[in-house]
Amino acid sequence: QVQLVESGGGLVQAGGSLRLSCAASGRTFYGMGWFRQAPEKEREFVAAVTWRGSSTSYADFVKGRFTISRDNAKNTVYLQMNSLKPEDTAVYYCAADSKYTIPTTTRGYDYWGQGTQVTVSS
């Protein structure tokens, strides 16, 4: 019954912006976040946000460039990505957690979307 569907990925030039969306269904989640995975690389944490949106966590490499937010009326989490760099190129995955935390590891999340491709050209 639980489903997470990402959207908003695409091709953008370095320095540009994209806004990713993740629509959840089946239930609500205290913690929701974003991870990314480049080819031949491990999946890495990007950002996470709590239910009220007042607490957020960011990976160092996106701090100041990306902003995570959520709209609980739509059960949707967003990732606004600005000042994109070629090294940001990856498949971005939405993750949801049923526990009262915002983990920064993949094991901390119970549900995952199928991902959306983000490609940043130099």
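Residues numbered from 1 in each chain as written. Predicted model: local features only at pLDDT ≥ 70, side-chain atom pairs only at ≥ 80, totals over all residues. Heavy atoms only, no water.

Novice: Quick one: what's the story with the pairing of strand E11 (residues 116-121), residue by residue and with numbers?
Specialist: Of the two faces of E11, the one holding Thr-116, Val-118 and Val-120 is buried and the one holding Gln-117, Thr-119 and Ser-121 is not buried anywhere. Where strand E2 (residues 10-13) and E11 come together, 4 bridges link them in parallel fashion. Of the residues in E11, the one forming a bridge with Val-12 is Val-120. Sheet analysis places strand E9 (residues 90-97) next to E11, joined by 3 bridges and oriented antiparallel. (Buried < 20%, exposed > 50% of the residue type's maximum accessible area, 1.4 Å probe, protein only. Helix = DSSP H or I, 4+ residues; strand = E, 2+ residues; numbered from the N terminus. Pairing = 2+ DSSP bridges.)

Novice: Which residues make up the state of the cysteines, and what values go with them?
Specialist: With the rule as written, the count across this model stands at 1 disulfide. In this model, Cys-22 is linked to Cys-94 through a disulfide, with the two sulfur atoms separated by 2.0 Å. The chirality of the disulfide connecting Cys-22 with Cys-94 is left-handed, given an S-S dihedral of about -80 degrees. One end of the pair, Cys-22, is in strand E3 (residues 18-25); the other, Cys-94, is in strand E9, with 72 residues separating them in the sequence. The buried category is assigned to Cys-22, whose relative accessible area is 0%. In this structure Cys-94 comes out as buried when scored by relative accessible area, which is 0%. (Disulfide = S-S within 2.5 Å.)

Novice: Lay out the pattern of salt bridges with the relevant residues and their values.
Specialist: Under the defined criterion, the tally for this structure stands at 5 salt bridges. Between Arg-36 and Glu-44 there is a salt bridge, and its shortest N-O distance comes to 2.8 Å. A salt bridge links Arg-65 to Asp-88; its shortest N-O distance comes to 2.8 Å. Taken together, the positions of Arg-65 in the loop between strand E6 (56-58) and strand E7 (66-71) and Asp-88 in the loop between strand E8 (76-81) and E9 put the pair 23 residues apart, joining distant regions of the chain. Like Arg-65, the residue Asp-88 is buried in the burial classification. Residues joined in a network through salt bridges with shared partners are Arg-36, Glu-44, Arg-65 and Asp-88. (Salt bridge = Lys/Arg side-chain N within 4 Å of Asp/Glu carboxyl O.)

Novice: Let's hear about the packing of aromatic side chains: which residues, and what values?
Specialist: A full pass over the atoms with the stated rule returns 6 aromatic pairs. A network of ring pairs unites the aromatic residues Phe-35, Phe-45, Tyr-109 and Trp-112 as a single cluster. Above the plane of the ring of Tyr-78 lies Arg-19, whose end atom (NZ or CZ) is 4.0 Å from the centre. (Phe/Tyr/Trp six-rings, centres within 6.5 Å; stacked < 30°, edge-to-face > 60°. Lys NZ or Arg CZ within 6 Å of the ring centre and 35° of its normal.)

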